[in-house]
Each structure stands twice: as C-alpha cells, then as structure tokens.
Amino acid sequence: MNISKEEVAKVAHLARLDLSEQEVEAITGQLDRILGYVAKLNEIDTTDVTPTTHALAVHNAFRDDVVHPSLPRQEALANGPRQNGEAFVVPRVI
Amino acid sequence: MDLHALTIHELHQLFTRKETSPLHATQAVFDRIEQVEGRVGAYISLNREKALQQADEAGKRLDRGQGGPLCGIPLSIKDVICTKGLRTTAGSKILETFIPPYNATVINKLEEAGAVIIGKTSMDEFAMGSANENCAFGVPANPWKADFICGGSSGGSAAAVAADECIASLGSDTGGSIRQPASHCGVVGLKPTYGRVSRFGLLAYASSLDQIGPLTKDVRDCALMLNAISGYDGSDSTSVNRPVPDYCAALTDGLRGMTIGIPREYFGEGLDPEVEKSVHGALAKLREAGAEVADVSLPHTEYGVAAYYIIAPAEASSNLARYDGVRYGLRDMEADLLIEMYKKSRSRGFGDEVKRRIIMGTYALSSGYYDAYYKKASQVRTLIVEDYGKAFSLCDVLVSPVTPTPAWKIGEKSHDPLSMYLSDVLTIPANLAGIPGLSVPCGMSRAGLPIGLQMQAAHFAEEKLLRAAYNLEQRLDLVGKKPTL
C-alpha cells in the first residue's frame with residue numbers, strides 16, 4: 001500500500017477539498033496504483049543529478065519601477081461572487 | 001464554394017482578390033456550426049455578435065490594403081485562454097460564469113492581426129486529460145467517428161478544425177494536449193518551444209510545461225499562426241526575448257542535408273501495428289524527399305510519464321489554489337466560516353480528475369515526501385533533457401508516432417486513470433524538455449480514424465519541424481481529406 005485513506009483525507013484538508021467517504025475510497029485506490037507506477041523512477045540512480053525545474057534558464061523578470069494603469073476597481077470586482085462595491089465580501093474567519 | 005472548408009492561406013487569397021469578404025467567411029463558419037455542432041459539440045461558448053463586428057472591421061481594413069494573412073480569418077480558441085468580455089471556463093464548473101477583464105497576449109496579437117474570434121472550444125477541465133472526456137460541459141465527438149474520443153485536452157479545438165467549424169484554432173499543450181488531439185482528428189498541431197509564445201492570460205495548469213500553440217488544416221497555416229503569436233512579452237516572465245523568424249519562409253526548402261532521427265524507444269511494446277505502419281510509410285516518403293535517416297536513442301523515455309505525473313500535479317496543486325471562491329468563480333453560499341467556504345466551493349466546482357491531481361500534487365509536495373517524489377522526478381527530468389541534447393547532436397528532427405494507438409471509444413478508458421495517462425507516453429518528454437513538437441497527419445486506420453506523426457526538434461528549431469512536415473504533407477495524399485458529417 002503506497003497511500004492510506006487517512007493520508008488522502010489529510011491531504012484533501014491541506015488542499016482545501018471536502019471529500020465524501022466514497023471519494024476518499026476511490027481516490028485512495030487510484031493514487032495507490034499511480035504511486036506504484038511512479039515508483040519506477042527509483043530504478044534510476046540520480047545521486048549526482050541536478051534537478052530541472054524549468055527546461056530553459058529562467059531569471060527573475062525585473063521591470064522598471066514605473067506606474068502603469070491598473071484594472072479599475074469595478075472591473076476587478078465584477079467576477080466576485082459576493083462584493084459590496086468596494087471589496088470582496090467573505091465569511092468570517094474566526 | 002464552401003468557405004468554411006478553406007485554409008487560412010486559401011481564404012486570404014480570396015480576400016485579396018476580392019472574391020469574398022471576412023463577413024461572408026464568418027457567416028459561412030457560423031452556418032457550418034449550426035449545421036454540425038449538434039453532432040460534434042466542439043464549442044463551449046460562441047461569440048457571434050462580436051465576431052461579425054470583427055469581420056466587418058477586417059473587411060474595411062482589407063479594403064484599405066492593410067490586412068495581413070490572418071486579417072478576417074475566423075478562428076476558435078481553447079477555453080483556457082482569456083478573452084476580454086467573453087466567458088472563459090477552462091472546461092470547469094468553478095469558472096462557469098467567469099468573464100475575463102483582460103485578453104491573453106496571444107488574443108491581443110490575433111486581434112491586432114485582424115483575426116475574427118468565433119468562440120471558445122471544449123477542453124478537459126483545466127487541461128487535465130487525454131480524451132476530452134473531463135469537460136464539465138459535455139464530451140465532444142471525433143468528427144471522423146462520433147463514438148470515438150477526439151483526444152484531449154484541446155479536443156474541442158481539434159474537432160472544430162477537422163469539422164470545418166473554424167478555419168484554425170489555438171490550443172495549449174502541457175503533456176501532449178495539442179499534438180494528441182491533432183493526431184486523433186487528422187489536423188496539424190504544434191507545441192512551440194517553451195517561452196516562444198507568451199503564456200500571459202493562459203489559465204495555468206503546470207506552469208513549467210504549459211505552452212500555447214496552433215491547430216490548423218495544413219502545415220502552411222500552422223506557420224502563419226506561429227508567425228502571428230510568437231514573440232517576447234514583458235508580461236510573462238518565462239517569455240524568451242529572441243527574434244521571431246518568418247516560419248513560412250522555411251517551408252519551401254527541401255530536405256537535402258536534413259537528418260531525421262528515429263528514436264528506437266518510441267517504437268516499442270504497445271505500439272499499434274497500424275500506427276507503426278503509417279509512420280514507417282511516412283519515413284519512406286521523407287527518405288525519398290532527400291532526408292538522411294539515423295537511428296537514435298532516448299533511453300529515459302519510459303520514465304517520462306512517471307516524472308510528469310509528479311511534476312504536473314505538483315504545479316497544478318499550487319496553481320489551482322487560487323480557485324477559492326473569493327474573487328471569481330463558483331462560491332458555496334451556505335458556508336459561514338472561511339475555510340468551510342473554500343472547501344465547499346472547491347469541492348463543488350472541481351471535477352474528479354482535477355481533484356485527483358490536486359491531491360496527488362499536494363501529497364508529492366507535502367512534508368516528508370518532497371525528496372522521494374518531486375525532487376526525484378525533477379532529476380529524471382534532467383536526464384530526459386540530456387537525452388535530447390545527445391539525440392540532437394546526431395539529427396535535426398526526431399520522427400515517431402504521436403500516440404501508441406488511434407483514438408479509442410468514448411468511455412473505454414475513463415474508469416482507469418493510469419491507462420489514460422500512459423497514452424501520453426510519446427508526447428510528454430517534449431514538455432519536460434521544453435522542446436517543440438508537431439503532429440502532422442500521416443495515415444488512416446482501417447476503422448477510418450486518422451493517424452498522426454510526431455516531429456520533435458531542438459529548442460527554437462520550429463523552422464526545421466515545419467520544413468520537414470511541409471515536405472511530408474506534399475508527398476502524402478491527405479490534405480483536404482475530410483470527415484463526412
């Protein structure tokens with residue numbers, strides 16, 4: 001067993017997903033099989049291999065510190081599921 | 001004359017000779033959509049009113065003698081690319097009502113070129129899939145055979161081009177999502193070098209792998225589209241500042257002096273005999289055209305899928321954290337605590353495949369597992385990059401199948417995610433290495449389904465791909481072959 005139901009439930013919480021018992025059961029079985037397949041990576045000795053996170057050399061992109069027009073507030077808020085004309089409204093935190 | 005069935009360059013000629021207008025062409029495409037869309041299901045949203053307006057403006061521009069090759073051409077766009085004022089869903093319920101307040105850079109470039117945006121095409125949710133069966137708004141049919149998949153995740157774009165529901169389209173490719181549906185639908189699809197085309201405004205799935213590219217009816221159109229969308233963009237920190245050549249100029253050069261590499265690992269177990277035969281037939285044509293052929297090895301190919309299914313979900317788990325119901329997208333209105341709202345909104349909004357990959361990625365990045373999974377996969381990625389470096393010291397272009405089999409029946413693999421993932425084994429390595437890859441039709445199966453041939457080249461060597469593909473296309477009798485709808 002590569003992954004347990006408890007681990008899937010814990011990871012789902014970290015990922016902010018609310019899964020039903022059935023979903024946890026199904027995903028556990030599928031991930032177990034996928035992780036079993038992924039284990040084939042261990043066939044390769046990578047001791048001295050540098051990891052590649054990007055296929056091309058990527059550098060920080062620094063722009064000149066110049067003011068550009070930003071999105072008008074109403075346009076920024078337009079897709080907000082709940083807003084008060086000035087800000088997005090969310091449920092309480094505490 | 002069926003205007004909807006023409007290519008970009010054919011339509012442009014008609015515009016230039018004033019034999020038709022962008023307005024007529026656009027209307028012809030909408031008529032075609034009305035006629036066949038019920039059977040194909042390639043679109044999520046249509047843009048009729050604005051498209052007709054754009055066509056009218058393009059006509060005026062052409063009248064002034066100012067229109068380039070894309071002016072007035074009706075195009076469709078994969079629904080993962082932001083279009084200002086036009087709904088962009090990424091094939092997901094979570095973005096069902098999202099209307100971007102800005103255009104992706106590629107859309108700005110197309111609009112500046114005078115193109116007409118017909119609508120947004122069906123796709124696997126957040127570009128996660130190999131069959132286009134994970135779209136929250138329905139499964140499009142393969143125009144060649146309705147009960148077969150059209151491939152994913154840019155399946156709607158490939159189907160729309162094959163069914164003449166647009167003249168050409170834009171897709172995105174993270175692990176083969178342009179090349180694979182292009183192969184299954186019998187059209188040309190190109191994943192450019194990572195950084196060649198701006199990703200600004202592309203809803204991110206796996207940022208180090210995603211790339212926007214064209215799906216077209218022939219290779220010349222592919223070059224025209226690439227000319228229009230390539231180039232540096234200051235809004236995308238991964239965009240590469242390098243001059244853009246004229247890709248059309250490369251088409252007419254012959255193949256003398258070009259070496260085609262045949263990667264032996266791409267012709268192994270599991271390859272459908274009909275696919276193998278078609279690819280070998282195409283190789284013979286390339287030889288006839290003057291290309292040299294060399295046997296090469298990419299020894300880490302078989303590890304590509306395993307590395308990809310750690311790296312891509314890891315990046316996806318981070319990228320998709322932004323869909324929290326606060327600023328856009330679906331929100332569960334019942335929850336009265338913030339964390340509950342996040343969880344309920346995301347659980348209602350995302351489909352099964354997206355949830356699976358988010359959990360997979362979160363797991364791979366979580367404490368205690370990072371080295372075993374993400375670091376290991378990133379190291380294997382290095383070995384794959386090195387394999388390509390060695391191969392391209394021996395040849396100019398690698399030729400192989402795009403997929404191990406032709407399209408399969410809708411539903412046939414959807415119960416088994418791993419078997420679906422393995423269908424990307426031949427396309428994924430190019431994304432891990434950031435090199436360009438192209439799919440060009442090379443045959444038909446006995447069942448009447450298209451078979452594609454993949455060409456890969458070194459970083460920024462798209463010209464070689466287009467040159468080889470164009471020469472092959474001229475020698476095969478497949479251009480203009482259409483599905484019966």
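Residues numbered from 1 in each chain as written. Chains lettered and ligands numbered in written order. Predicted model: local features only at pLDDT ≥ 70, side-chain atom pairs only at ≥ 80, totals over all residues. Heavy atoms only, no water.

Draft legend 1. View of the overall build of chain A. The secondary structure content of chain A amounts to three helices and zero strands. Order of helices (α) and strands (β) in chain A, N terminus to C terminus: α-α-α. Projected onto its principal axes, the C-alpha positions of chain A cover 55 × 45 × 20 Å. The burial tally for chain A puts 30% of its 94 residues in the buried class. Here the contacts in chain A between residues at least 6 apart in sequence split such that 31% fall between residues at least 24 apart. Computing the positive centroid from 9 side-chain charges and the negative centroid from 14, chain A places the two 7 Å apart. (Helix = DSSP H or I, 4+ residues; strand = E, 2+ residues; numbered from the N terminus. Buried < 20%, exposed > 50% of the residue type's maximum accessible area, 1.4 Å probe, protein only. Contact = heavy atoms within 4.5 Å. Lys, Arg positive; Asp, Glu negative; His and termini not counted. Charge placed at Lys NZ, Arg CZ, Asp CG, Glu CD.)

Draft legend 2. Quick peek at the overall build of chain B. What chain B contains, in helices and strands, is 15 helices and eleven strands. Compactness check: chain B gives a C-alpha radius of gyration of 21 Å against a globular reference of 23 Å for 485 residues, within 12% of the reference. Expressed as a percentage of the 485 residues in chain B, the buried residues total 67%. Of the contacts formed within chain B by residues at least 6 apart in sequence, a portion of 76% connects residues at least 24 apart. Working note: accessible area of chain B is about 15,600 Å², and carbon and sulfur atoms make up 48% of it. With 50 positive and 56 negative side-chain charges, chain B shows a spacing of 2 Å between the two charge centroids. (Rg over C-alpha atoms; globule rule 2.2 N^0.38 Å. Areas by Shrake-Rupley, 256 points an atom, 1.4 Å probe, with all protein chains shown as cover.)

Draft legend 3. Molecular detail of unusual backbone geometry. Cis geometry marks the peptide bond from Gly-152 of chain B to Ser-153 of chain B; its omega dihedral reads 5°. For Ser-153 of chain B, the location among the structural elements is in the loop between strand E3 (116–121) and helix H5 (155–162). Backbone geometry places Arg-16 of chain A, a non-glycine residue, at a positive phi of 55°. Relative to the assigned elements, Arg-16 of chain A resides in the loop between helix H1 (5–14) and helix H2 (21–38). Of note in this structure, Phe-460 of chain B is not a glycine but carries a positive phi near 65°. With respect to the secondary-structure elements, Phe-460 of chain B resides in the loop between strand E11 (450–457) and helix H15 (462–475). Phe-460 of chain B sits in the buried class, given a relative accessible area of 12%.

Draft legend 4. Representation of the pattern of salt bridges within the structure. One pass over the structure, following the stated rule, counts 24 salt bridges over all chains. We note a salt bridge from Glu-302 of chain B to Lys-40 of chain A, for which the minimum N-O separation is 3.0 Å. Note that Glu-302 of chain B is positioned in the loop between strand E8 (292–296) and helix H9 (304–319) and Lys-40 of chain A in the loop between H2 and helix H3 (73–77), a pairing that runs across two chains. Of the residues examined, Lys-40 of chain A reaches a relative accessible area of 17% and is grouped as buried. Via salt bridges that share partners, Asp-164, Lys-217 and Lys-482 of chain B belong to a single interconnected network. (Salt bridge = Lys/Arg side-chain N within 4 Å of Asp/Glu carboxyl O.)

Draft legend 5. Inspection of the confidence of the model for chain B at higher detail. Chain-level pLDDT for chain B is 96 on average; 100% of the residues reach the 70-or-more range. Predicted complex metrics record ipTM = 0.95 and pTM = 0.97. (pLDDT = per-residue confidence, 0-100.)

Draft legend 6. Inspection of the nonpolar core at higher detail. Residues and elements named next belong to chain B. Ile-81, Phe-126, Tyr-388 and Met-455 are the most contacted members of the largest nonpolar core, which totals 180 residues. It is H9 that provides the largest number of residues to this core, a total of ten residues. Phe-126 has contacts with Ala-90, Ser-92, Ile-94, Leu-95, Tyr-205, Leu-320, Tyr-323, Phe-350 and Val-354, leaving out every residue within four places of it along the chain. (Core = buried A, V, L, I, M, F, W, Y, C linked by side-chain atoms within 4.5 Å.)

Draft legend 7. Spotlight on the environment of Gly-38 of chain B. Relative to the assigned elements, Gly-38 of chain B resides in helix H2 (residues 22–40). Expressed as a C-alpha distance, the spacing of Gly-38 of chain B and Ala-249 of chain B, which sit 211 residues apart in the sequence, is 39 Å.

Draft legend 8. Main features of the sheet that holds strand E2 (residues 74–78) of chain B. All names here are of chain B. The sheet built from eleven strands is open, its strands ordered E1-E3-E2-E4-E6-E5-E10-E11-E9-E7-E8 with mixed pairing. Only two strands of the sheet have a single partner each, and these edge strands are strand E1 (43–46) and E8. On average, adjacent strands in this sheet sit at an angle of 30° to one another, irrespective of strand direction. Relative to the sheet, H2 contacts E1, E2 and E3, its axis offset from that of E3 by approximately 20°. (Pairing = 2+ DSSP bridges. Axes fitted to C-alpha atoms, helices over the stretch in contact; angles between N-to-C directions.)

Draft legend 9. Main features of the pairing of strand E9 (residues 397–401) of chain B. Residue and element names in this part refer to chain B. The element E9 is extensively covered by neighbouring structure, given that five of its five residues are classed as buried. Across two bridges, strand E7 (residues 259–263) lies against E9 in parallel orientation. Residue pairing in the sheet places Ile-260 in a bridge with Val-397 of E9. Here five bridges tie E9 to E11, and the two strands are oriented antiparallel to one another.

Draft legend 10. The arrangement of the packing of aromatic side chains in detail. Residues and elements named next belong to chain B. The final tally for this structure, using the stated rule, is 13 aromatic pairs over all chains. Seen in terms of ring centroids, Phe-126 and Tyr-323 are 4.9 Å apart; in terms of plane orientation they differ by 50°. Their pairing is tilted. Taken together, the residues span a long stretch of sequence, with Phe-126 in the loop between E3 and H5 and Tyr-323 in the loop between H9 and helix H10 (338–349) at a distance of 197 residues. Aromatic ring contacts, followed pair by pair, group Phe-98, Phe-126, Tyr-323, Tyr-328 and Phe-350 into a single cluster. Between Lys-413 and the ring centre of Trp-408, over which it is positioned, the NZ or CZ distance is 4.1 Å. (Phe/Tyr/Trp six-rings, centres within 6.5 Å; stacked < 30°, edge-to-face > 60°. Lys NZ or Arg CZ within 6 Å of the ring centre and 35° of its normal.)

Draft legend 11. Examining the interface of chain B and chain A more closely. Across the contact, 67 residues belong to chain B and 52 residues belong to chain A. The junction of chain B with chain A conceals about 5,500 Å² of combined surface from both sides, 66% of it contributed by carbon and sulfur atoms. Put simply, chain B and chain A have three salt bridges between them. Where Glu-23 of chain A meets Lys-355 of chain B, a salt bridge forms, and the shortest distance between an N and an O atom there is 2.9 Å. The interface formed by chain B and chain A contains 23 residue pairs in polar contact (both at pLDDT 80 or more). Those elements giving two or more residues to the side of chain B that touches chain A turn out to be H9, H10, helix H11 (352–365), helix H12 (371–391), helix H13 (417–422) and helix H14 (428–433) of chain B. (Buried area = accessible area lost by both parts, 1.4 Å probe. Polar contact = N/O pair within 3.5 Å; in protein donor to acceptor, adjacent residues only side chain to side chain.)

Draft legend 12. Highlighting the packing of H2 of chain A against H11 of chain B. Two numbers describe how H2 of chain A lies on H11 of chain B: the axes approach to 11 Å, and their chain directions differ by 60°. Classed by the angle they form, the pair H2 of chain A and H11 of chain B counts as oblique. Both H2 of chain A and H11 of chain B take part in a crossing whose hand is right-handed. Within the contact between the two elements, H2 of chain A uses Glu-23, Ile-27, Gln-30, Leu-31, Ile-34, Leu-35 and Val-38 of chain A and H11 of chain B uses Asp-352, Lys-355, Arg-356, Ile-359, Met-360 and Tyr-363 of chain B. (Parallel < 35°, antiparallel > 145°, perpendicular 65-115°, else oblique. Left-handed = near helix turned anticlockwise from the far one by under 90°.)

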